[in-house]
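Notes for the structure review
The primary structure of each chain is shown beneath.
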Amino acid sequence: MMTTTRRRFLGSVVVVAGAAAGLTQGAPTAWAQTAEGRAGRVAPEVIVRPGDARYAALAARGNNTRFVSTPDEIWLVHSPAQVEKAVNQAVAEGQRITVRGGGHCFDGLVGDPEYRLLVDTSEMKAVYFDPAMNAFAVESGALLGEVYRTLYEGWGVTVPGGVCPEVGVGGHVVGGGYGPLSRRYGLSVDHLCAVEVVVPGSCGEARTVVATSRRDDPNRELWWAHTGAGGGQFGIITKYWFRTPGAAGGPSSLLPKPPQTVRKALVTWPWPQFNETNFTRLVMNHGAWHAANSAADSPYATMHSSLQISSWFAGTIVLDVTMDATRADTQQLLDDYVSALSAGVGVEPTVESKDVPFLEAALTPTIGYGKYSRHKSMGGHLRKPFDANQVSTLYRALSDPEHWGIGLVYLAAYGGKINTVSPQATAVAARDSVIKFWFSCNWELPEQDEAEVNWVRKLHGDVWAETGGYPVPNDKYDGCYINYPDADAENPYVNTSGVPWSTLYHKANYPRLQRVKATYDPKNVFRHALSVKPA
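Residues numbered from 1 in each chain as written. Predicted model: local features only at pLDDT ≥ 70, side-chain atom pairs only at ≥ 80, totals over all residues. Heavy atoms only, no water.

In the annotation of an unreviewed UniProt entry, the protein chain is listed under the name FAD-binding oxidoreductase and assigned to Streptomyces laculatispora. The heading Cofactor (unreviewed entry) in the UniProt record of the protein chain holds the text "FAD". Comment text from UniProt for the protein chain, heading Sequence similarities (unreviewed entry), reads "Belongs to the oxygen-dependent FAD-linked oxidoreductase family." (UniProt positions renumbered as here; feature names shortened; annotations may be inferred.)

Take a look at the structure:
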């Protein structure tokens, strides 16, 4: 049986993220997260400037230490009215403004030194049922783990979202949001019925807008733009409302019910037993299996997995699997899956599994990298698996004895219910993929930055050499994923495909996003390296 529910990586080098510890002990219960529970409280106006004892900790709140904010002011907001005040000041005084929720942006879209006013929404984290909207309200500063706990303990429901309970809901959802239940129930945004946003507008006076999915809502396009365009684009999100399309009845019937118990399986293969030939066989087996088993009606729609191929010195190649343990055929499905991936590889895997309650699995802290917190990554979607040449490229990079950065190629199960939604129904344009990929590297010291960033760039560029270094949307690839932001995509010296970053991330949806931008933020107050430009 499994002795730990998460993989161990590099021994003491990797530690459980401290920010996640509070999610499993003493987290607020459902009743404490209601709007009524917050009524009558006096919200402080918190503006922290350099010299304040709180400044250093607030400025450094993020998981990629390559990018640490240095704003003139950090506004720790508690209400839309405070957000409006911050936006109005920024516009009036010409301050570059940005917003941060959980602080898990992989690139420098928030930590750019040009930002002089940082709005932090982490104190806005109520989760409750809103009878007026007949939907669940989630303030944008809540963490995914807080959302999972409150929805499940209060009503036995959930939103299909990410595997990391310490990630903030604000940026996660607006980028699409996917995770262990997405093959079964779709993306987070497939259950988003409304959003509350503070927008700067054309007159310079900030206002709070509630935009819904209703066809007769004059602000419907603003709702649509928040179903996958990514954060920091049109204003500051202060609240989401979730209800599954077509759902009716009481609160307990308005969102998906997760399985009571899930089976967590950790499958490991020893790295030292791999050479280029059997490595290629394993990765291509994985790709072929997903190409054949990603339909919405597949029995494997109830399964999520990720093949995690770390650098050679990690010691093992890992397959992390989460399945609905309440099915009678769960074990047979798992056995068949592992057998298909191992066929012809010639390396016997070790399989450890354990059945755990849904909430325990959802709140299990993810692995952090401790002092190895400097980071670079790139990611997107595959319509078809990697070919043999691409897999050989992965092998050479990850087995390089001269490279000591913590490299990772992460290949996650995709498809299922996700691919039943039209690319135009939400702002998520990638609706025809079978694998979501992520290439990353972590390291410790600033003087390592250039070499390690170049390692990821070279790996990514070599894998997509035929399309100019990026997964240009075609019959094999489906572009990039905005929640895995890569500012290099707009750099023509790195992205030599000739295809603009906007097409890589948004495909045919980009002109529509530009029109939304022109309506709600025509002066481009909210902007970063990968933000939508006004039409």
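After presenting the structure, the write-up continues.
Pairing within the open sheet is mixed, and its four strands lie in the order 1-2-4-3. Looking at the sheet topology across the chains shown, the edges are occupied by strand 1 (46-48) and strand 3 (97-100). Going across the sheet, the axis of each strand differs from the next one's by a mean of 20°, ignoring polarity. Looking at chain direction, strand 1 and strand 2 (residues 73-76) are connected through three bridges and run antiparallel. Paired with I47 across the two strands is W75, which belongs to strand 2. The sheet strands contacting helix 3 (residues 80-93) are strand 2, strand 3 and strand 4 (117-120), and the helix crosses strand 2 at an angle near 160°. (Pairing = 2+ DSSP bridges. Helix = DSSP H or I, 4+ residues; strand = E, 2+ residues; numbered from the N terminus. Axes fitted to C-alpha atoms, helices over the stretch in contact; angles between N-to-C directions. Contact = heavy atoms within 4.5 Å.)

Let us look at the layout of surface pockets. In this structure, the second largest pocket encloses a volume near 430 Å³. In terms of lining residues, the second largest pocket is bounded by 20 residues, among which V189, D190, L192, W223 and P245 are the most central. Looking at the lining of the second largest pocket, the elements that each hand over two or more residues are strand 7 (192-199) and helix 7 (220-225). With three residues, helix 7 is the largest single contributor of residues to the lining of the second largest pocket. Of the residues assigned to the lining of the second largest pocket, the class counts are nine nonpolar, five polar and six charged. (1 Å grid on protein atoms, 1.4 Å probe; cavity = no way out; pocket = protein on both sides within 12 Å on 5 of 7 lines; lining within 4 Å. Points joined across faces, edges and corners; volume = space filled by probe spheres on them. Nonpolar A, V, L, I, M, F, W, Y, C, P; charged D, E, K, R; others polar.)

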